[in-house]
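Fold and contact review
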Amino acid sequence: MLSYGALNLRSPRDKWILQESESENKLDGETASDSESKSEFGGLPPVPTSDDTPEVLNRALSNLSSRWKNWWVRGILTLAMITFFFIIIYLGPMVLMTIVMCVQIKCFHEIITIGYNVYHSYDLPWFRTLSWYFLLCVNYFFYGETVTDYFFTLVQREEPLRILSKYHRFISFALYLTGFCMFVLSLVKKHYRLQFYMFGWTHVTLLIVVTQSHLIIHNLFEGMIWFIVPISCVICNDIMAYMFGFFFGRTPLIKLSPKKTWEGFIGGFFATVLFGLLLSYVMSGYRCFTCPVEFNNDTNSFTVDCEPSELFQLQEYNIPAVLQSVLGWKTVRMYPFQIHSIALSTFASLIGPFGGFFASGFKRAFKIKDFANTIPGHGGIMDRFDCQYLMATFVNVYIASFIRGPNPSKLIQQFLTLRPDQQIHIFNTLKAHLVDKGVLGNPEDA
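Read on for a plain summary of the structure.

Rules and cut-offs
- The numbers attached to residues start from 1 for each chain and follow its sequence in the written order.
- In keeping with the model being predicted, local features are shown solely for residues with a pLDDT of at least 70 and side-chain atom pairs are shown and tallied solely at 80 or more, while totals for entire chains, interfaces and linings include all residues.
- To obtain the side-chain values, all non-hydrogen atoms of the structure were included, while hydrogens and water were left out.
- Cysteine sulfur pairs qualify as disulfides if the two atoms are within 2.5 Å.
- Numbering goes from the N terminus for both helices and strands, where a helix is a DSSP run of H or I of at least four residues and a strand is a run of E of at least two.
- Each residue is placed in one exposure class: buried if its accessible area under a 1.4 Å probe, protein chains only, is under 20% of its type's maximum, exposed if it is over 50%, and partly exposed if it falls in between.
- The span you would expect from a helix comes to 1.5 Å times its residue count less one.
- Across the chain, bend at a residue is computed as the angle between axes fitted to the seven residues ending at that point and the seven starting from it.
- The criterion is simple. A nonpolar core is a set of buried Ala, Val, Leu, Ile, Met, Phe, Trp, Tyr and Cys residues joined through side-chain atoms within 4.5 Å.
- Domain delimitation follows an automatic or database domain assignment.
- Any two residues having at least one pair of non-hydrogen atoms within 4.5 Å are treated as being in contact.

**Comments concerning the state of the cysteines**
Cysteine pairs can be covalently joined through their sulfur atoms, and such a bond is termed a disulfide. Overall, the coordinates contain 1 disulfide when judged by the stated rule. With its sulfur 2.1 Å from that of its partner, Cys291 forms a disulfide with Cys306. As the torsion about the S-S bond is roughly -95°, the Cys291-Cys306 disulfide counts as left-handed. One end of the pair, Cys291, is in the loop between α13 (287–290) and β3 (294–296); the other, Cys306, is in the loop between β4 (301–303) and β5 (315–318), with 15 residues separating them in the sequence. Overall, Cys291 belongs to the buried group, its relative accessible area being 0%. With no disulfide of its own, Cys236 lies closest to Cys233 among cysteine sulfurs, the gap being 6.9 Å. Free cysteine: Cys288, not disulfide-bonded; nearest cysteine sulfur from Cys291 at 8.4 Å. On the basis of relative accessible area, Cys288 is assigned to the partly exposed category, the value being 36%.

**Notes on helix α17 (residues 381–403)**
Each full turn of the α-helix corresponds to 3.6 residues, which orients residues three or four apart in the same direction. The terminal C-alpha atoms of α17, which comprises 23 residues, lie 31 Å apart, in line with the 33 Å expected from a rise of 1.5 Å per residue. By the largest-angle criterion, Cys387 marks the main kink of α17, which is about 30°.

**Some details on the nonpolar core**
Grouped together as the largest cluster of nonpolar side chains are 71 residues, with contacts concentrated most on Trp226, Phe227 and Val229. Where this core is concerned, the elements lending two or more residues are α4 (66–91), α5 (93–119), α6 (127–150), α10 (192–221), α11 (224–248), α12 (262–283), α15 (336–350) and α17. Residue-level mapping places this core at the junction of two domains, with at least three residues from each of domain 1 (62–89) and domain 2 (92–124 + 188–404). If sequence neighbours within four positions are ignored, Trp226 has contacts with Asn219, Leu311, Phe312, Phe337, Leu344, Val395, Tyr398, Ile399 and Ile403.

Written out as structure tokens, the structure is:
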């Protein structure tokens, strides 16, 4: 290896760049012990990891090899998490939104803790305080927008809420500006660069975690099926890719995740598409899953009762001639939503894993195995939701592009808040438009 002097590097920055390059190159070729013995960030040791498997499982699986022990631990904890998922679905939309908020906070905590562990020896002032303050500000902004959008009548009915809603964006900006000024005042001369690193760290974390958590809640309001099916497809792909890779995996898929294989990737894809079709067929028959989640102002509670849209009504489709001879059918009856589920499950199995690869690269950069040790055999909460956040963004964009149309109830809510003269003007304009289209008769012809 060439020394810095042999290369005649003239500045500390040149040496730092070479160090970074050497460290990245070594990470791909060195052994686990080598990679854990060094650190890219000023000689700081890697974040330690520990085996937090419950003692009862350790004793029960003590006779198994580490490979099969890990398989059983992951399997048992996966079943426990799936059971918990079913329970919170049964408890309804409000509990689901609360769980999304809790998951968001835990993911934020795990990522910020990594930053703090890496840079804590520099004693950066106010880092964690400002990080949590910015989390509060961003959540206030997003949830305030959601409350104004989906609980409009309730907000207009209560005077304090109406004032907060009217000036919501100004208040949100003022809160953020306060944090911004606090950050500037906290700058220390010898740590400028590190402090700006962490300022960017916090904001990127907010973008990844909080923004996409907000999109998950928006998807939930479109109908629980838009929340459950995408999440279930990601879970199914994760499980089936692991199973196919465990039993049949031979060909490495990507260097960032050495345990991922092409066999697992392809097997997970076909299994997820089939699972998405079956789950969509079952859920499309129940109004509690297909109806939008709306707030009932009379009962002050959420309702999921409606007349199912065309997406959730069985229709007959012609099978392509090429497949008719193979299947022996000319037509098939299915829900239109099942066609959309193919797009959702395809994204979950082909693109969704790249969220996991991104997280793997992030962890390798900081020489850690998992974001945390919250779930034995699985790592932290962020380790389980790295693909879910990417999926949530896709679902929200998909709904906005191909599904969602104008919402009459929201238009009426906004109409009722206008001044009487504005309401009369809109009424006369709408009436003239309907007369021109022939929907209403012309009063002058009567």
